[in-house]
Amino acid sequence: MPSIKLFETVGHQNILLEDFGRGMAVQANQHLIVHNGEAILLDPGGHKVYSKVLSETFAQLGKARLTNLFFSHQDPDIVAAANGWLMTTDATGWAPSLWIRFIPHFGLDNLVADRLKPIPDSGMVLDMAGCKLMFIPAHFLHSPGNCQVYDPVSKILYSGDLGASLGIDYQEVKDFDAHLKFMTGFHTRYMTSNSAMRAWVQMVRQLDIAMIAPQHGALFRGKPMVERFMAWCENLKCGVDLLPKGGWQLPG
Ligand code: FE
């Protein structure tokens, strides 16, 4: 499928890159935000998709420059190709401070290691050519150091693994109830706890959100669908909420 413009206005574009994931690797979405000649690529992915994402990114950039890379957390489907991206561009990489000393184990060259910058635990605002992108904390959803991106121009919240769905062949959620079976297993296991979910919902309800775009699977468009997703998160028991009573059993 071709790359899709999720939003476009004068001097600003939000582009969902074509899905390059194949075979055993989990399907992943790559997102590009272009604003006044600069661009940021979100969760660029691992080695299997690197060369295709790179060529598609440059095809989409036109005359804009890739100035920033965002890594929501430390998983291989997010950061494994970080070295390639930093070597082939002048972009600054941003990753949660908790992971700054772990990501170099994927093989960051000394020449580029100092271009990977920490996002403080409390989040930050990145001024990209006048667009005030918010890197917001969403810790424990699922990684203990995990951030999301809110773009105030398009009003898209890029939610990383939160909202991910697996095994679907559509790009946008039309029927929330029918969609649940593709999200529930992932969230009950990968998300840490209902208290982390509630902390996130309480924070993002303060934002004006037109769309939630996860890193895997389908996106949630429009306020009613966004609200349905947030209400579902608010009430979901997950992670340590579901620890077996009496503890784990030894195998065998
Ligand atoms: Fe992950």
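What you are looking at is a predicted structure, and each value in this text was computed from that prediction instead of being measured. (Residues numbered from 1 in each chain as written. Predicted model: local features only at pLDDT ≥ 70, side-chain atom pairs only at ≥ 80, totals over all residues. Heavy atoms only, no water.)

**Some thoughts on the coordination of the iron ion**
Then comes step 1: Taken together, the protein donors to the iron ion comprise H73 (NE2), D75 (OD), H142 (NE2) and D161 (OD), at separations of 2.0 to 2.3 Å.
Then comes step 2: For the iron ion, the 4 donor atoms in the first shell make angles of 83 to 170° at the metal, a pattern classed as irregular. (Donors = N, O, S within 2.8 Å, 3.2 Å for Na, K, Ca; no water. Tetrahedral: all angles 85-135°; square planar, octahedral: opposite > 155°, others 65-115°.)

**A word on a nonpolar patch on the surface**
Then comes step 1: Side chains of V240, L243 and W248 sit close together on the surface and give an oily, nonpolar patch of about 370 Å² of accessible area.
Then comes step 2: By secondary structure assignment, the location of V240 is in the segment after α8 (223-235).
Then comes step 3: Relative accessible area serves as the criterion here: at 49%, V240 is assigned to the partly exposed category. (Patch = residues over 30% accessible without salt bridge, like charges linked within 9 Å, V, L, I, M, F, W, Y side chains within 5 Å. Areas by Shrake-Rupley, 256 points an atom, 1.4 Å probe, with all protein chains shown as cover. Salt bridge = Lys/Arg side-chain N within 4 Å of Asp/Glu carboxyl O. Helix = DSSP H or I, 4+ residues; strand = E, 2+ residues; numbered from the N terminus. Buried < 20%, exposed > 50% of the residue type's maximum accessible area, 1.4 Å probe, protein only.)

**Some remarks on the pairing of strand β5 (residues 65-70)**
Then comes step 1: Of all the 6 residues making up β5, 5 are buried; the element is thus mostly covered by neighbouring parts of the structure.
Then comes step 2: Once you follow strand β4 (residues 38-42) into helix α1 (residues 47-61) and on to β5, the crossover reads as right-handed. (Right-handed = clockwise from strand over helix to strand, strands pointing away.)

**Description of the sheet that holds strand β8 (residues 124-128)**
Then comes step 1: Spatial ordering of the open sheet is given by β8-β9-β10-β11-β12-β13, a layout of 6 strands whose pairing is mixed. The two strands at the open ends of the sheet, each matched to only one other strand, are β8 and β13 (220-221).
Then comes step 2: As defined by bridge partners, strand β9 (residues 131-137) adjoins strand β10 (residues 147-151) across 4 bridges and the pair is classed as antiparallel. Of the residues in β10, the one forming a bridge with F135 is V149.
Then comes step 3: Along the sheet, helix α7 (residues 194-204) makes contact with β9, β10, β11 (156-160) and β12 (211-214), crossing β9 at roughly 155°. (Pairing = 2+ DSSP bridges. Contact = heavy atoms within 4.5 Å. Axes fitted to C-alpha atoms, helices over the stretch in contact; angles between N-to-C directions.)

**So, the sheet that holds strand β2 (residues 12-16)**
Then comes step 1: Taking strand neighbours across the sheet as the criterion, the 7 strands line up as β1-β2-β3-β4-β5-β6-β7 in an open arrangement whose pairing is mixed. The two strands at the open ends of the sheet, each matched to only one other strand, are β1 (4-9) and β7 (116-119). For this sheet the average axis-to-axis angle between neighbouring strands, irrespective of direction, equals 20°.
Then comes step 2: The pairing of β2 with strand β3 (residues 31-35) spans 5 bridges and is antiparallel. Each bridged residue has a counterpart across the sheet, and for L16 the counterpart in β3 is H31.

**Here's the deal with the pattern of salt bridges**
Then comes step 1: Inspection of the entire model under this criterion finds 8 salt bridges.
Then comes step 2: E172 is the partner of K174 in a salt bridge, and the nearest nitrogen-oxygen pair spans 3.4 Å.
Then comes step 3: A residue is classified by how much of its surface remains accessible, and K174, at 67% relative accessible area, is exposed.
Then comes step 4: Notably, a salt bridge pairs R228 with D177, separated by 3.0 Å at the nearest N-O pair. On the criterion of sequence distance, the pair formed by R228 in helix α8 and D177 in helix α5 (residues 176-179) is long-range, its members being 51 residues apart.
Then comes step 5: Connected via shared salt-bridge partners are K155, D208 and K223.

**Notes on the state of the cysteines**
Then comes step 1: Within the structure shown, the criterion is met by 0 disulfides.
Then comes step 2: Here C131 is not cross-linked by a disulfide; its sulfur's nearest cysteine counterpart is in C147, at 17 Å.
Then comes step 3: For C147, a relative accessible area of 1% corresponds to the buried category. (Disulfide = S-S within 2.5 Å.)

**A short note on the side chain of D75**
Then comes step 1: Here D75 lies in the loop between β5 and α2 (76-79).
Then comes step 2: Polar contacts involving the side chain of D75 include one to the side chain of H73, which spans 3.0 Å.
Then comes step 3: In this structure, D75 is in contact with H142 and D161, ignoring residues within four places of it in sequence. (Polar contact = N/O pair within 3.5 Å; in protein donor to acceptor, adjacent residues only side chain to side chain.)

**As for the packing of aromatic side chains**
Then comes step 1: Under the defined criterion, the tally for this structure stands at 10 aromatic pairs.
Then comes step 2: Ring geometry for F220 versus F229: centroids 4.6 Å apart, planes at 25°, classification stacked. F229 carries the same exposure label as F220, and that label is buried.
Then comes step 3: Pairing F229 with W232 gives two aromatic rings, centres 6.0 Å apart and planes at 35°, and the pair type is tilted. Of this pair, F229 and W232 both sit in helix α8, separated by 3 residues, roughly a single helical turn. (Phe/Tyr/Trp six-rings, centres within 6.5 Å; stacked < 30°, edge-to-face > 60°.)

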